[in-house]
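The lines below spell out each chain.
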Amino acid sequence: MRIDVLGVGFDNLTMEEAVERGMELLHSQGTHYVVTPNPEIVEVCREDPAAAAAVNGADLVLPDGIGVVKGAAMLGTPLKEKTPGIEFADRLMGKMAQGGQSLYLLGAKPGVAEAAAEKLIAQHPGLRIAGTHNGYFKDDAAVARDVARSQADAVFVCLGAPKQELWMAKYGADTGAHLLCGLGGSLDVFAGTVERAPEFWSRHGLEWFYRLCREPSRLGRMMKLPLFLIHVRQEKGKRG
Ligand code: UDP
């Protein structure tokens, strides 16, 4: 049973359980996809039914940050812990490296996925990178075919939300991969073009503030966070 936070159902798992589930999906027949919504994406889903369907249609829905975990607790239905997409991805790659499985990196500006690939191979010896493609393309079907040709076991789809969720829902099966993960700006972090917040900030639930200071242009998007909290309060009132 998923835990509902303003219309998005989250899987209630620890990070370890989430990675285990991810590996099960990777080893099972068919195509599966993982999403990691934050409050901003929950707000997008409230306004966009197609985005909501793509997010809720995922095989694994993980709370990316502290905002969703706080929201769930305020609603009286706590989630075990936050399971940030980037950490989930890192652990998944560790396991994939042990099994010699292959990964396709899709998204970000030209050159970023290739730079990320180099770093990831160094960090996870044994991991195979089946292919890369930047995230600024017009022909979706051609990109899905390229992934299929690469015979990748998994794909990191990093096109920003809700573009990546919609892409995975529509084209995921055409890639032939067993697992696709929507991971926002993670390739930029893996490539080293954008830094992740130091541990101090994330430990105190302030990763969002660190990112805002580094990239002030995010302010408009981040205004969705107070809106999220207002909506959680309203929902709490309704539930009584
Ligand atoms: N991006 C992309 N194609 C697009 C739009 C965005 O590949 O059409 C990439 C962008 O270059 C960045 C990522 O998607 O690497 C989105 O990062 P953002 O920080 O906005 O995502 P978040 O992690 O906040 O979801």
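Residues numbered from 1 in each chain as written. Predicted model: local features only at pLDDT ≥ 70, side-chain atom pairs only at ≥ 80, totals over all residues. Heavy atoms only, no water.

(A) Molecular detail of the pattern of salt bridges. Using the criterion set out here, one finds 9 salt bridges in the structure. Linking Arg239 and Asp4 is a salt bridge whose minimum nitrogen-to-oxygen distance equals 3.7 Å. Separated by 235 residues along the polypeptide, Arg239 in helix H13 (residues 224-239) and Asp4 in strand S1 (residues 3-5) bring together distant segments of the chain. Between Arg21 and Glu24 there is a salt bridge, with the nearest N and O atoms lying 2.8 Å from each other. Within this pair, Arg21 and its partner Glu24 are both found in helix H1 (residues 15-27), separated by 3 residues, close to a single helical turn. Using a relative accessible area of 41% as the deciding quantity, one classes Glu24 as partly exposed. (Salt bridge = Lys/Arg side-chain N within 4 Å of Asp/Glu carboxyl O. Helix = DSSP H or I, 4+ residues; strand = E, 2+ residues; numbered from the N terminus. Buried < 20%, exposed > 50% of the residue type's maximum accessible area, 1.4 Å probe, protein only.)

(B) Inspection of the environment of Pro162 at higher detail. Mapped onto the elements, Pro162 comes out in the loop between strand S7 (154-158) and helix H8 (163-171). Between the C-alpha atoms of Pro162 and Ser202, which are 40 residues apart in sequence, the distance is 24 Å.

(C) Main features of the site of the ligand. Around the ligand, the structure places 15 residues, and the nearest of them are Gly135, Tyr136, Lys163, Gly185 and Asp188. Here a nitrogen atom of the ligand and a backbone polar atom of Gly135 are 2.8 Å apart. Note that an oxygen atom of the ligand is positioned 3.3 Å from one of the backbone N or O atoms of Cys158. Across the complex, the protein chains shield 79% of the 550 Å² of accessible surface that the ligand would expose by itself. Here the ligand occupies the largest pocket. Each residue belonging to the shell around the ligand can be placed in one class, and the counts come to 4 nonpolar, 5 polar and 6 charged. (Near = heavy atom within 4 Å. Polar contact = N/O pair within 3.5 Å; in protein donor to acceptor, adjacent residues only side chain to side chain. Areas by Shrake-Rupley, 256 points an atom, 1.4 Å probe, with all protein chains shown as cover. 1 Å grid on protein atoms, 1.4 Å probe; cavity = no way out; pocket = protein on both sides within 12 Å on 5 of 7 lines; lining within 4 Å. Sits in = over half its atoms within 2 Å of the grid points. Nonpolar A, V, L, I, M, F, W, Y, C, P; charged D, E, K, R; others polar.)

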